[in-house]
Amino acid sequence: MTILISVGGLSKTFTLHTQGGAEIAVFDDISLEVRAGECVCLHGPSGAGKSTLLRSLYANYKPDAGHVVVQHGGDSIDLVSAEPWEVVEVRRRTIGYVSQFLRVIPRVATTDIVTEPAIAIGIPADEAHAKAKALLARLNIPKRLWSLAPATFSGGEQQRVNIARGFMVNYPVLLLDEPTASLDAANRQSVVELINEAKARGAAIVGIFHDEEVRDAVADRLFKVGQSVRKSQRNMTAAEPVA
Ligand SMILES: Nc1ncnc2c1ncn2[C@@H]1O[C@H](COP(=O)(O)OP(=O)(O)OP(=O)(O)O)[C@@H](O)[C@H]1O
Ligand SMILES: [Mg+2]
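First things first, this report covers the structure right here in the doc. (Residues numbered from 1 in each chain as written. Chains lettered and ligands numbered in written order. Predicted model: local features only at pLDDT ≥ 70, side-chain atom pairs only at ≥ 80, totals over all residues. Heavy atoms only, no water.)

### Quick look at the environment of I105
Considering the arrangement of structural elements, one finds I105 in the loop between β6 (95-98) and α3 (110-120). Assessed through its relative accessible area of 64%, I105 is described here as exposed. Residues I105 and V173 lie 68 residues apart in sequence; the distance between their C-alpha atoms is 25 Å. (Helix = DSSP H or I, 4+ residues; strand = E, 2+ residues; numbered from the N terminus. Buried < 20%, exposed > 50% of the residue type's maximum accessible area, 1.4 Å probe, protein only.)

Here it is in structure tokens:
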């Protein structure tokens, strides 16, 4: 199967300029390839760098070294060195990202938030609205909420609006940061079905799933994040007898 996203030598250290320049080394020399139709689950303890890696794949964070090459409309684009306009285009058409929390402009209706990514790539409004309604219904968002802004929605309702928005466009690549964290069993099942449908149409998915049942239902393989520390420790140990 085609490799849709290819990561190599990726390293990220945060420098906290407002806190005496403290440095937090998150990961080092990560390599990962994700193929069409495959779901890779990032795992590792809290603080290991899973969300940081996912955000780096979406070009939200700029890594210090390495590449994130994505297949975008027949071209290979390295998001680490891409121009801002290229990143915008890749996000519009190729990579969808469901963050853990919904961040939206106040006073915009749920249906408009959900349809927006489809309208942005030229899908006719009636088609986009039909799809949005179908997704909101599958995710059990009560109809009476569809015309309201989600600011006052419950955590789980907001997360489901976020998921509906993320699945509006049939993106070739999907990044999911704990999409089921605040959902009940029935809604988790709806999300599992959406993910498996996306895989079946050939999407390459990178996700973080705390829920073991969800992980077992969608993941083809696990990718451990946070190996960098252990790796450097291993290197130190290996180097000792030589030194
Ligand atoms: N914007 C940032 N600025 C500085 N440090 C950050 C930033 N984002 C994350 N970090 C640090 O990077 C490390 C990894 O954080 P990250 O959120 O990627 O972990 P995670 O594996 O997703 O954890 P969790 O399972 O708790 O969500 C943490 O030590 C965190 O403090
Ligand atoms: Mg996280």
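Right, picking up where we left off after that structure.
### Focus: the site of ligand 1
Taken together, 14 residues lie around ligand 1, and S46, G47, K50, S51 and T52 are the ones closest in. Take K50: an N or O atom from its side chain is 2.8 Å from an oxygen atom of ligand 1. For ligand 1, whose free accessible area comes to 630 Å², the fraction covered by protein is 67%. Only β1 (3-16) and α1 (50-57) provide two or more residues apiece to the shell around ligand 1. For the shell around ligand 1, the element with the highest residue contribution is α1, accounting for three residues. Across the shell around ligand 1, the residue classes break down as six nonpolar, six polar and two charged. (Near = heavy atom within 4 Å. Polar contact = N/O pair within 3.5 Å; in protein donor to acceptor, adjacent residues only side chain to side chain. Areas by Shrake-Rupley, 256 points an atom, 1.4 Å probe, with all protein chains shown as cover. Nonpolar A, V, L, I, M, F, W, Y, C, P; charged D, E, K, R; others polar.)

### Observations concerning the sheet that holds strand β7 (residues 173-177)
Spatially, the five strands line up as an open sheet ordered β6-β7-β8-β3-β9, and their pairing is parallel. Two strands lie at the open edges of the sheet, namely β6 and β9 (221-224), each paired on one side alone. The average angle at which neighbouring strand axes cross in this sheet is 20 degrees, direction not considered. Pairing geometry for β7 and strand β8 (residues 204-208), over five bridges, is parallel. From the neighbouring strand, V173 faces β8, where its bridge partner is A204. Along the sheet, helix α6 (residues 185-200) contacts β3 (39-43), β7 and β8; its crossing angle with β8, the most-contacted strand, is approximately 150 degrees. (Pairing = 2+ DSSP bridges. Axes fitted to C-alpha atoms, helices over the stretch in contact; angles between N-to-C directions. Contact = heavy atoms within 4.5 Å.)

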